[in-house]
Amino acid sequence: IVYGTDRGAVEAATPRSYTGCSIFTSEVNDSAVGEEVSRTLRSLEFDRLYYCKLFNYTYSLVYSEPSEIIEVRTTDNHAPAVELSDDEVGIMAHQVVKVQVSVSDVDDHSITVKYESGSVADKLISQNDIHTIVITGNAAPEGSYKGRLTVTDQHGLSSYVELSYTLLPNKKPVKIKD
């Protein structure tokens, strides 16, 4: 596959001379003549028009005539998605609550996860791309707090969610019967 954003350069390209273009080579095993084959080109610019043409070749490097030019427009970058299993939590002093975090990116970019704690009672634990916010009820004074979880893709596009939680007062035990 010869590809690039300059149509003239792609039209002029040959398998041995492709100035101003890029080339992607892929081996297709055991495919029949006329069979459809699909490949993915990575690291292209967002929202750009690309021109592509294909050359087939044998193991002895005998090349076919090129295909017609194919025009492909890449899509915009999408912000990664982040969701919490709960976004508002009330916690008693004796409780430890775990809030599950789900992150994804439709563009399949690598993602970084950053958490800004609302107090010393909450923290993010990340292990093997599984993220959990743990809130310990007796680790901070009673009150309402808010943490913020931000996910950012490798191109700098980000999104965030906030976790509101209330640490409830620790009440004395009450004698029910004598």
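Everything discussed here concerns the structure shown above.
Notes on the structure in this doc start here.

Rules used throughout
- Residues numbered from 1 in each chain as written.
- Predicted model: local features only at pLDDT ≥ 70, side-chain atom pairs only at ≥ 80, totals over all residues.
- Heavy atoms only, no water.
- Core = buried A, V, L, I, M, F, W, Y, C linked by side-chain atoms within 4.5 Å.
- Buried < 20%, exposed > 50% of the residue type's maximum accessible area, 1.4 Å probe, protein only.
- Helix = DSSP H or I, 4+ residues; strand = E, 2+ residues; numbered from the N terminus.
- Contact = heavy atoms within 4.5 Å.
- Pairing = 2+ DSSP bridges.
- Polar contact = N/O pair within 3.5 Å; in protein donor to acceptor, adjacent residues only side chain to side chain.
- Axes fitted to C-alpha atoms, helices over the stretch in contact; angles between N-to-C directions.
- Phe/Tyr/Trp six-rings, centres within 6.5 Å; stacked < 30°, edge-to-face > 60°.
- Lys NZ or Arg CZ within 6 Å of the ring centre and 35° of its normal.
- Salt bridge = Lys/Arg side-chain N within 4 Å of Asp/Glu carboxyl O.

## Looking at the nonpolar core
- The biggest cluster of nonpolar side chains holds 19 residues, and the ones touching the most others in it are L84, V99, I133, I135, L163, Y165 and L167.
- Elements represented by at least two residues in this core include exactly β5 (81-84), β6 (88-91), β7 (96-104), β10 (130-136), β11 (143-153) and β12 (158-167).
- Considering each element in turn, this core owes the most residues, four residues, to β12.
- In this structure L84 touches V99, Q100, V101, I133, L149, V161, E162 and L163, once residues within four positions along its chain are discounted.
- In this structure, V2, V10, C21 and Y51 belong to the second largest nonpolar core, which totals seven residues.

## Concerning the sheet that holds strand β2 (residues 22-23)
- Strand order in this open sheet of four strands is β2-β1-β3-β4, and the pairing throughout is antiparallel. With partners counted over all chains shown, the strands left at the sheet margins are β2 and β4 (70-73), one partner each.
- Pairing analysis gives three bridges linking strand β1 (residues 2-4) to strand β3 (residues 49-53), with the strands arranged antiparallel. Paired with Y3 across the strands is C52, a residue of β3.

## So, the side chain of D107
- Topologically, D107 is positioned in the loop between β7 and β8 (111-116).
- A polar contact of 2.7 Å, which involves the side chain of D107, links it to the backbone nitrogen of H78.
- When residues no more than four places from it in sequence are discounted, the contact partners of D107 are D76, N77 and H78.

## Quick look at the sheet that holds β7
- Strand order in the open sheet made by the four strands is β5-β7-β10-β9, with antiparallel pairing throughout. Edge positions in the open sheet fall to β5 and β9 (122-127), since each of these has one partner strand only. Across this sheet, the average inter-strand angle for adjacent strands is 25°, counted without regard to direction.
- Alignment of β9 against β10, held across six bridges, turns out to be antiparallel. Residue pairing across strands places K123 opposite V134, the latter belonging to β10.

## Observations regarding unusual backbone geometry
- Phi at D47 takes a positive value of approximately 50°, unusual for a residue other than glycine.
- Mapped onto the elements of the fold, D47 is located in the loop between β2 and β3.
- With relative accessibility at 41%, the residue D47 sits in the partly exposed group.
- Phi at D129 takes a positive value of approximately 60°, unusual for a residue other than glycine.
- For D129, the location among the structural elements is in the loop between β9 and β10.
- The exposure class assigned to D129 is exposed, which follows from its relative accessible area of 72%.

## With respect to the packing of aromatic side chains
- Per the stated rule, a full pass over the model turns up one aromatic pair.
- For the ring pair Y145 and Y165, a centre distance of 5.5 Å and an interplane angle of 25° mean the geometry is stacked. Of the two residues, Y145 sits in strand β11 while Y165 sits in strand β12, which places them 20 residues apart along the sequence.
- We note R148 situated over the ring of Y160; from NZ or CZ to the ring centre the distance is 3.4 Å.

## Some remarks on the environment of K53
- Within the element layout of this structure, K53 appears in strand β3.
- Each C-alpha atom of the pair K53 and E71 lies 9.1 Å from the other, and the pair is 18 residues apart in sequence.
- Of the polar contacts made by the side chain of K53, one reaches the backbone oxygen of E11; its length is 2.9 Å.

## Quick notes on the pattern of salt bridges
- If you walk through the whole model with that rule in mind, you get six salt bridges.
- A salt bridge links R7 to E11; its shortest N-O distance comes to 2.9 Å. On the criterion of helical spacing, the pair formed by R7 and E11 is a turn pair, its members being four residues apart in helix α1 (residues 7-12).
- Close ionic contact of R73 with D47 constitutes a salt bridge, the shortest N to O distance being 3.5 Å.

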